[in-house]
Amino acid sequence: MIQTLAVSLSLKNTYQVNCIMYAIKQTPIINRFLPDDFYGAYKVKLFANVLSILWEIMSTFAVKLLYFGAMLIWAMCFYPAATKPQLFFHILIFLTVLGSFTNTYIFKPRKDKYYALVLLRMDSRYYAVSNYSYYILKTFIGFAAMGALSSCLIGLPILQSVLIPFFVVGLKLDVVAILLKYYEHTGNAPNEDKINYIIWGLILLLLLCAYGLPLLGVILPIELSTVLMAFAIAGSFLSVYKVCSFRLYHSLYRQILSQAMCSVTPNEYNHAEQAISFEPNIYSSKKGADYLNALFVKRHRKVLWRSSNQIALGFMALTVVLLLISYLCPSKMQLVLSKWSPSFLFFMMYLVNRGGSFTKALYMNCDYSLLNYNFFKKADLVFKLFIIRLRELIKINILPALSIGMGLGVIMYANGIGKVTDYILWILLAMCLSAFFSVHYLLMYYLLQPYTSGTDVKSGHYRILEIAPFFIFLRVIKIKTSSIFLGVISIGMCVLYYFIAISLVRKYSTDTFRQRV
């Protein structure tokens, strides 16, 4: 089993090294100075190996540091009246339950698993147990370090601090054991990449329990949190036996890893076809590029508009819930809202924007085929389609933006916070940010075109630019200025970015908008 782990880690490292070298080779300007034998250069491979090992070490701590910093310690700033250790463990309990279902490792399809189990035909049970043990060890070390750091920062009790890593890995083992038992009885393998409505409902419920109950003054006593942690740890001993003795890993992974194949699977095609409307009465009186776009939008209405409508309805329901909390606990709600800043709108619009799913649908169901024809790559048509698609994407994203902006204004008005000018500004800012992200995603799609024939993202720069706004907005939150000034400046920057994006697409898209291998 140790040999299996060594081979699988070597395979994973090779995959990461190739991804790093590919990203370097695809970097604009730099790639012009790279030799033809770049992929075979020893020093380059050595450098990529060092980066891969450093990333493996950093990932053990960096993700946990972000998790503890943002989801726990930073979130606790909104509840100053609560006892910090008690609130910390209250949030930790519910978020750990959430993470145990959504981050199991065993049930996540990955390319390195596909290479090891399907192409190299490694023993499925040895591979699963050894790699999951490695994952659990990394998780334990990361949470032990973050638990000790949190204990120093907010004064957690020593016993509970020691229990944190054991509780996290114990609960993960318990959930995996339950899911393995579920597979034995049903034959249906859970898949982390295919979250159904039940799991989404559970996620929402756990988030409301973690962050909503303290608003109502309901916080789990630290003694009860300790008991729950102890139960999870005790159950993990049986779970370890289940994970190690499970005999159906081969059939389990054969079902899961269909999602990690290098090309689009039949299941993905079937799913795409189910989302497309083939009704014969769908038509348009428009001409040329407008006609193409009109048919695409009408036939893909389920894909493009369903999630937008669901997000808008979800925020409307959340507005009603927050109004109810404001009625029941006005003083506590006002205390939380007093810390509100328009900069939080940046994060909200970043999370709900549908630009990524829109461009993926465009490529998979339209551009993947049309890019094989020269007429589709002509400069005038490419730019005209960009403008048409941008207009359509802005329309799709504007509905959630309006529901968020108007809902925020209603909640603030109900609690007597802000002025009418502030409410109008927040609505305008939400709409501008929605347009900003629409432009951002479509700009990346046309200048980087990250998708392959299997709709895999093969551009490291696309991933970097995709998450770059998140870190920029972290800096924006720290800016201490008036709401009106921040809102006006943000709106101005969004408008400026719009014109810059149009100029870039007009100049470079004919060279960059192409098929990837």
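What counts and how
Sequence positions are assigned chain by chain, starting from 1 and proceeding in written order. Only residues with pLDDT of 70 or above have their local features reported here, since the model is predicted, and side-chain atom pairs are shown and tallied only from 80 upward, although totals for entire chains, interfaces and linings are computed over all residues. In computing side-chain values, all of the structure's heavy atoms are included and hydrogens and water are not. Here a Phe, Tyr or Trp ring, Trp counted by its six-membered ring, pairs with any other such ring whose centre lies within 6.5 Å, and the pair is stacked when the planes are under 30 degrees apart, edge-to-face when over 60, and tilted otherwise. Only DSSP runs of H or I with at least four residues qualify as helices, and only runs of E with at least two residues qualify as strands; both kinds are numbered from the N terminus onward. Exposed residues in this analysis have more than 50% of their type's maximum accessible area, buried residues have under 20%, and partly exposed residues fall in between, with area computed by a 1.4 Å probe over protein chains only. Either the NZ atom of lysine or the CZ atom of arginine qualifies as a charge over a ring when it sits within 6 Å of the ring centre and within 35 degrees of the ring normal. Salt bridge criterion: a side-chain nitrogen from Lys or Arg within 4 Å of a carboxyl oxygen from Asp or Glu. Note on terminology: a nonpolar core comprises buried Ala, Val, Leu, Ile, Met, Phe, Trp, Tyr and Cys residues joined through side-chain atoms within 4.5 Å.

With that settled, consider the packing of aromatic side chains. Aromatic ring pairs: the centre-centre distance and the angle between the two ring planes describe each pair. Summed over the entire model, instances satisfying the criterion amount to 26 aromatic pairs. Pairing Phe436 with Tyr497 gives two aromatic rings, centres 4.8 Å apart and planes at 50 degrees, and the pair type is tilted. Taken as a pair, Phe436 in helix H17 (residues 420-448) and Tyr497 in helix H19 (residues 483-512) lie far apart in primary sequence, 61 residues in all. We classify Phe436 as buried; its relative accessible area is 15%. Three or more aromatic residues joined by ring pairs make a cluster, and in this case those are Tyr373, Phe375, Phe376, Phe386, Tyr445, Tyr446 and Phe513. Geometry around Tyr105 places Lys113 over its ring, the cationic atom sitting 4.4 Å from the centre.

Turning next to the environment of Phe346. Note that Phe346 resides in helix H14 (residues 344-352). In sequence terms Phe346 and Ala430 are 84 residues apart; their C-alpha atoms lie 8.0 Å from each other.

A separate point is unusual backbone geometry. The bulk of non-glycine residues show a negative phi, and the bulk of peptide bonds are trans. A positive phi angle is found at Tyr105, which is not glycine, with a value near 75 degrees. Of note, Tyr105 is situated in the loop between helix H3 (84-102) and helix H4 (111-119). Phi is positive for Arg121, which is not a glycine, with a value near 55 degrees. As for its placement among the helices and strands, Arg121 is situated in the loop between H4 and helix H5 (124-154).

Next up on the list: the pattern of salt bridges. This structure, assessed with the given rule, holds seven salt bridges. Between Glu56 and Lys138 there is a salt bridge; the shortest N-O distance is 3.1 Å. Separated by 82 residues along the polypeptide, Glu56 in helix H2 (residues 42-74) and Lys138 in helix H5 bring together distant segments of the chain. On the accessibility criterion, Glu56 (15% relative accessible area) is buried. A salt bridge links Asp367 to Arg389, with the nearest nitrogen and oxygen atoms 2.7 Å apart. Of this pair, Asp367 sits in helix H15 (residues 355-370) while Arg389 sits in helix H16 (residues 379-414), placing them 22 residues apart in sequence. A residue is classified by how much of its surface remains accessible, and Arg389, at 1% relative accessible area, is buried. Each of the salt bridges in this network shares a partner with another, and the network as a whole consists of Lys12, Glu56 and Lys138.

Grouped together as the largest cluster of nonpolar side chains are 64 residues, with contacts concentrated most on Leu304, Leu345, Met349, Leu442, Tyr445 and Tyr446. Listing elements by their share of this core, those giving two or more residues are helix H11 (288-299), helix H12 (301-328), helix H13 (330-337), H14, H15, H16, H17 and H19. At 18 residues, the largest contribution of residues to this core is made by H17. One finds Met76, Ile91, Leu95 and Phe143 within the second-largest nonpolar core, a separate group that totals 39 residues.

None of this, on its own, says anything about what the molecule does.
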